[in-house]
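Letter by letter, the chains look like this.
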Amino acid sequence: MNVVIIEDEARIAAFIERGLRAEGFGVQVAADGEAGFALAVLAETDLVILDLMLPGLSGEQVLQRIRARRPDLPVIVLTARDAVEDRVRVLNAGADDYVTKPFSFAELLARIHARLRARDQRSAAELSVDGLHLDLRTRNVRLAGREITLTSREFALLETFLRHPGQVLSQVQLMDRVWGYDYDPGSNVVEVYVGYLRRKLGREVIETVRGAGYRLRAPAPGP
Ligand code: CA
């Protein structure tokens, strides 16, 4: 797990860094918002600890920029004591949680674990490839923000594609996973259902690989 600390007060940054390293986290520290933003958007970053009072870009501006690029990245904000309206503002601006200075390391660590747990639960219940999202609990499907209604078989087929993005799946593999063993091997049911999905999602979303099967292609982001 990799944490980025964006904090200009070296003493506080070092205090957090020391504690996190002892817990086995990878840690990177940035002393201003620009550098912090650059680290936060790296794919390997799992969580950000962001101080609100920074030189240059404010913590709030950094948060907005992070949200625009990585809407699901957990961000915990450090705020000064008694700045109630600050806390409301940052939660509205998309922070997941906040810790009020001065804080104990145990308190911060508990919040970090809670945020990472929440993220893992979310990602286990959701599959997404670029603009295409499947919620496995609600069976909700969204393509570039637009809601799509699928039958349960179409959903199962799309789910199978999303579990293997970019991989070619043969008719037999798709039959086994979506229809089970009880099917007629000569059936064209896969072709028919791929046709249904293309009609609802756009032709380009599922590619035919001649003689091999089908492959999910990341849909282009919508307007
Ligand atoms: Ca500061």
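Scroll up to find the structure.
Residues numbered from 1 in each chain as written. Predicted model: local features only at pLDDT ≥ 70, side-chain atom pairs only at ≥ 80, totals over all residues. Heavy atoms only, no water.

Remarks on the pairing of strand 6 (residues 126-129)
Then, in step 1: Side chains Leu-127 and Val-129 of strand 6 all project onto a buried face; the interleaved residues Glu-126 and Ser-128 project onto a face where none is buried.
Then, in step 2: By the bridge criterion, four bridges tie strand 6 to strand 7 (residues 132-135) in an arrangement that is antiparallel. By the bridge assignment for strand 7, Ser-128 is matched with His-133.
Then, in step 3: In this structure, the hairpin formed by strand 6 and strand 7 is closed by a connection of two residues, where Asp-130 is found at a positive phi of approximately 45°. (Buried < 20%, exposed > 50% of the residue type's maximum accessible area, 1.4 Å probe, protein only. Helix = DSSP H or I, 4+ residues; strand = E, 2+ residues; numbered from the N terminus. Pairing = 2+ DSSP bridges.)

Description of the packing of aromatic side chains
Then, in step 1: For the coordinates displayed, the defined rule picks out four aromatic pairs.
Then, in step 2: Residues Trp-179 and Tyr-193 carry aromatic rings whose centres are separated by 5.4 Å and whose planes lie at 70° to one another, so their mutual orientation is edge-to-face. Remark: Tyr-193 occurs in helix 8 (residues 189-201) and Trp-179 occurs in helix 7 (residues 171-179); sequence separation between them is 14 residues.
Then, in step 3: Where Tyr-193 meets Tyr-196, the ring centres are 4.9 Å apart and the plane angle is 75°; that geometry is what we call edge-to-face. Taken together, the residues span about one helical turn, with Tyr-193 and Tyr-196 both in helix 8 at a distance of three residues.
Then, in step 4: Clustering of aromatic rings is evident, with ring pairs tying together Phe-15, Phe-103 and Phe-105. (Phe/Tyr/Trp six-rings, centres within 6.5 Å; stacked < 30°, edge-to-face > 60°.)

A few points about the environment of Ala-80
Then, in step 1: With respect to the helices and strands, the residue Ala-80 is situated in the loop between strand 4 (75-79) and helix 4 (84-92).
Then, in step 2: When the C-alpha atoms of Ala-80 and Leu-127 are compared, they prove to be 37 Å apart, with 47 residues separating the residues in sequence.
Then, in step 3: In contact with Ala-80, other than residues within four places in its own chain, are Arg-87, Thr-100 and Lys-101. (Contact = heavy atoms within 4.5 Å.)

Some remarks on the coordination of the calcium ion
Then, in step 1: At 2.1 to 3.0 Å from the calcium ion lie its protein donor atoms, namely Glu-7 (OE), Asp-8 (OD), Asp-51 (OD) and Met-53 (O).
Then, in step 2: Counting the intervening residues between successive donors of the calcium ion yields the motif E-D-x42-D-x1-M.
Then, in step 3: Under the relative-accessibility criterion, Asp-8 is labelled partly exposed at 33%. (Donors = N, O, S within 2.8 Å, 3.2 Å for Na, K, Ca; no water.)

All quantities given are derived from atomic positions and should not be read as evidence of function.
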